[in-house]
Amino acid sequence: MLQVHQDIYELFRVYLSPEAPSDKVSWSKVCRVLQELDSSIYTESALLEIRSRLSVFPVADHAETPNDSVSLQSLIKWIYGYGDASVSAATGRPLLLRSKSKLNEDASNGHPGLVKRQKSLDVDRAVSSDDQVIFRVRTAAGEVVFSLMEQDLPGITIAQVRTEVSKTVGKIMDEIKLFLEVRELQDDEILTELSAEQQQPLEVLLITQILAQFDDAQPALEQLDILKGMLASSSHEYQMTAARQIRKMLSVEINPPIDEVIAVPNLIDRLLELCKQMETEQIQFEVFWVLTNICSGTAQHTAAVVDKGAPPIFVDVLKETGNREVKDQITWALGNIAGDSPGFRDQCLDAGAMVAVLDVVTDESSSLATLRNATWVLSNLCRGRPRISVEHFSPALEPLKTLIESQQDEDILCDAAWAIGYICDGPDNRVDAVVKAGMCRRLVELLQDPPSTRVLTPVLRAVGNVASGTAEHTQLLMDFSLFKACHQLLAHEKLSVRKETYWMISNILADGKDSVQKVIEDGLLELVVRACNEEQDFHVKSEGLWCISNSCDCMDPEQIQHLLQCGCMESVAFFLAPGASEKVQMKALDCVSNILETGEQIAKNDGKTNPFLSSIKETVGSRIQYLADSGDELTDDVEGKAMELMQQLEV
């Protein structure tokens, strides 16, 4: 028994009846506990003998009287020979060094000898008369609360002594200070070294202090220093109270006091230390909640946590813990950090956050709420520019494919689609990674029959990014009936959906003549031109202009003729009007230029006049003339391009 005092104390408490005062124990309960410890020693006759020698109980026979009870703390103090309880009822003198001879003699006559037991850090044995006490801890009143024999001294540190003393006197370690003369002893000091410097035996002074306690009646914000002290203590109860109070402060929706909390010196450092306290999962949960809420604030708030080295700590605990609530809270915190900036995102990725979060995503036992949370974090890990590297996103491809194929939950589908869209935003190798992962078929299906507009938006972005890849990537989308979805989307009530649809189709038309021809054959190009002409929103309409411009870039006579028949010049003329931006004016002028140049090639081949010249003059001639004559009102590029086209139109 390494912790005799605590063990016996707790064992006695088990036998306290619910109706009795919380700290009172009767003689009959003492008997039951002693017999439970060793029934072969503590026989009825032995118990009567012990009873006669217990100063804390009145002398009586085995039968109980109504007042036959005593403070449990007093009893324990009597057993260990210290405190006010250790006073002989007969002599009134302290029983700090009670004689064992009488009971030892009784043991030879069949009665057990009640021996004082020496409690040390790594031994539990009877103290014989030959044992030499070489180390003692005394209170200011001279009371010995802890001692060690010479053979027990090697390797023992002050930290271990403080731990044992705290258990003995019922204090937390932070309230225990040990002094050698006037110097406070430090936890890493070793008793053998101290003993070698002092005369034998070595005695140190115990000074106890009381930590400030949180007052529920006072505003929590005014007690941050007290809460910091409670967090810094070794008491799990204090740590829990402090973490919970800080969490409650930061959980208010309007103006949580994040600035005040992070301004407390070393508070973040202590919170991060408690994150690694694996044996107290509930404290971990509260602490991660606090840090999550801090990281939900501004970039400065997030930096206060990240700059202390939080990402590697978060990831390590996420990998190690088996507690579901703690896992959820850590992933949430990582999501807040990664979502703040690409720099913080990369710190999370470099710490191994992608693999750790994917373990949560792929865990079949994860609840729906956990999976939603982890998928959101996954999307934040893929988000931002500079873009996430191929090395970092590659492990996510297969889990993302599984999510969009197996999940019906809108939150999960939405965040998974955003993650895919972020991954394939960029060079063709990124698009190729998504295509080879086999996601395109399901993405197109979601375009055709989306659960909601909320899911449709990121899916449309992802498909549009794939369409910006190579002609092979575009062809794969068309093989999965992409155009069928486009017919529906061009008439969607939401402006952003129509705008993204034009953008996606313009990427397909940018692949060249063959792709333009497939769009024409499907009837989609005619629909694009008609919808663009009817569109009332300028920004949506400008995306439609890109579709017309990319179709004109191929300069195929038949395709140009088809565009003119569809009425493309109506939208072109719209963007040549005064007040349009230079960018769209130049794009409209490029359309006119490509149409005229295509017509010139036809004229050269046939020996006739430009077949498109009269149509251009009729629809946009006056507007081009206005741009050419505007002088300083326009940029040189627009004015120069307009003047060049007027020369062609005047031929």
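This text follows the structure it describes.
In this text the structure is predicted, and so the values were computed from the model without any measurement. (Residues numbered from 1 in each chain as written. Predicted model: local features only at pLDDT ≥ 70, side-chain atom pairs only at ≥ 80, totals over all residues. Heavy atoms only, no water.)

Some words on the sheet that holds strand β5 (residues 133-138)
A sheet is described by the order of its strands in space; here five strands give the open sequence β6-β5-β9-β7-β8, paired in mixed fashion. Either end of the sheet is taken by a strand with one partner, and the two such strands are β6 (144-149) and β8 (183-184). In the sheet, strand β7 (residues 176-180) pairs with strand β9 (residues 202-208) via four bridges, with the strands oriented antiparallel. Bridge assignment links Ile-176 to a residue of β9, and that residue is Thr-208. Contacting β5, β6, β7 and β9, helix α6 (residues 158-169) crosses the sheet at an angle of about 125° to β7. (Pairing = 2+ DSSP bridges. Helix = DSSP H or I, 4+ residues; strand = E, 2+ residues; numbered from the N terminus. Contact = heavy atoms within 4.5 Å. Axes fitted to C-alpha atoms, helices over the stretch in contact; angles between N-to-C directions.)

Section: the side chain of Ser-630
Locating Ser-630 in the fold gives a position in the loop between α34 (613-628) and α35 (636-649). The class for Ser-630 is buried, based on a relative accessible area of 11%. Polar side-chain contacts of Ser-630 include one of 2.6 Å to the backbone oxygen of Tyr-626. (Buried < 20%, exposed > 50% of the residue type's maximum accessible area, 1.4 Å probe, protein only. Polar contact = N/O pair within 3.5 Å; in protein donor to acceptor, adjacent residues only side chain to side chain.)

Notes on helix α11 (residues 267-275)
Taking burial as the measure, the nine residues of α11 include seven buried ones, the bulk of the element. Three or more residues of α11 are buried, namely Leu-267, Ile-268, Arg-270, Leu-271, Leu-272, Leu-274 and Cys-275.

Thoughts on unusual backbone geometry
Residues Arg-385 and Pro-386 are joined by a peptide bond in cis, for which omega reads 5°. Inspection of the secondary structure puts Pro-386 in the loop between α18 (368-382) and α19 (390-393). In this model, Glu-181 sits at a positive phi of 60°, which is unusual for a non-glycine residue. As for its position among the elements, Glu-181 is in the loop between β7 and β8. By relative accessible area, Glu-181 is classed as exposed at 66%. A positive phi angle, close to 55°, is found at Met-555, a residue other than glycine. Within the secondary structure, Met-555 sits in the loop between α30 (538-553) and α31 (557-566).

Focus: the packing of aromatic side chains
As enumerated under the stated definition, the model contains six aromatic pairs in all. Judged by centre distance (5.2 Å) and plane angle (75°), the rings of Phe-288 and Phe-314 are edge-to-face. Of this pair, Phe-288 sits in helix α12 (residues 281-294) while Phe-314 sits in helix α14 (residues 310-320), placing them 26 residues apart in sequence. Each member of the pair Phe-288 and Phe-314 is classed as buried. (Phe/Tyr/Trp six-rings, centres within 6.5 Å; stacked < 30°, edge-to-face > 60°.)

Remarks on the pattern of salt bridges
Any two side chains of opposite charge can pair, so long as their charged atoms come close to each other. If you walk through the whole model with that rule in mind, you get 24 salt bridges. A salt bridge links Asp-269 to Lys-308; the nearest nitrogen and oxygen atoms lie 3.3 Å apart. Here Asp-269, found in helix α11, pairs with Lys-308, found in the loop between α13 (299-306) and α14; they are 39 residues apart in sequence, far enough to count as distant. Using a relative accessible area of 28% as the deciding quantity, one classes Asp-269 as partly exposed. With a shortest N-O distance of 3.0 Å, Asp-363 and Arg-324 are connected by a salt bridge. Linking Asp-363 in the loop between α17 (353-361) and α18 with Arg-324 in helix α15 (residues 324-340), this pair joins segments that are 39 residues apart in sequence. Overall, the relative accessible area of 28% leaves Asp-363 in the partly exposed class. Since its relative accessible area comes to 27%, Arg-324 is described here as partly exposed. Three or more residues are tied together by salt bridges with common partners; here these are Arg-372, Asp-409, Asp-411 and Arg-454. (Salt bridge = Lys/Arg side-chain N within 4 Å of Asp/Glu carboxyl O.)

Brief notes about the packing of α12 against α15
In helix packing, the relevant descriptors are the interaxial angle and the interaxial distance, both defined with respect to the helix axes. Contact geometry for α12 and α15: axes closest at 9 Å, N-to-C directions at 20°. When the interaxial angle is binned, α12 and α15 end up roughly parallel. Every pair of crossing elements has a handedness; the one defined by α12 and α15 is left-handed. In this structure, α12 contributes Glu-281, Gln-282, Gln-284, Phe-285, Phe-288, Trp-289 and Thr-292 to the contact, and α15 contributes Glu-325, Val-326, Gln-329, Ile-330, Trp-332, Ala-333 and Asn-336. Here the residues of the contact of α12 with α15 sort into seven nonpolar, five polar and two charged. (Parallel < 35°, antiparallel > 145°, perpendicular 65-115°, else oblique. Left-handed = near helix turned anticlockwise from the far one by under 90°. Nonpolar A, V, L, I, M, F, W, Y, C, P; charged D, E, K, R; others polar.)

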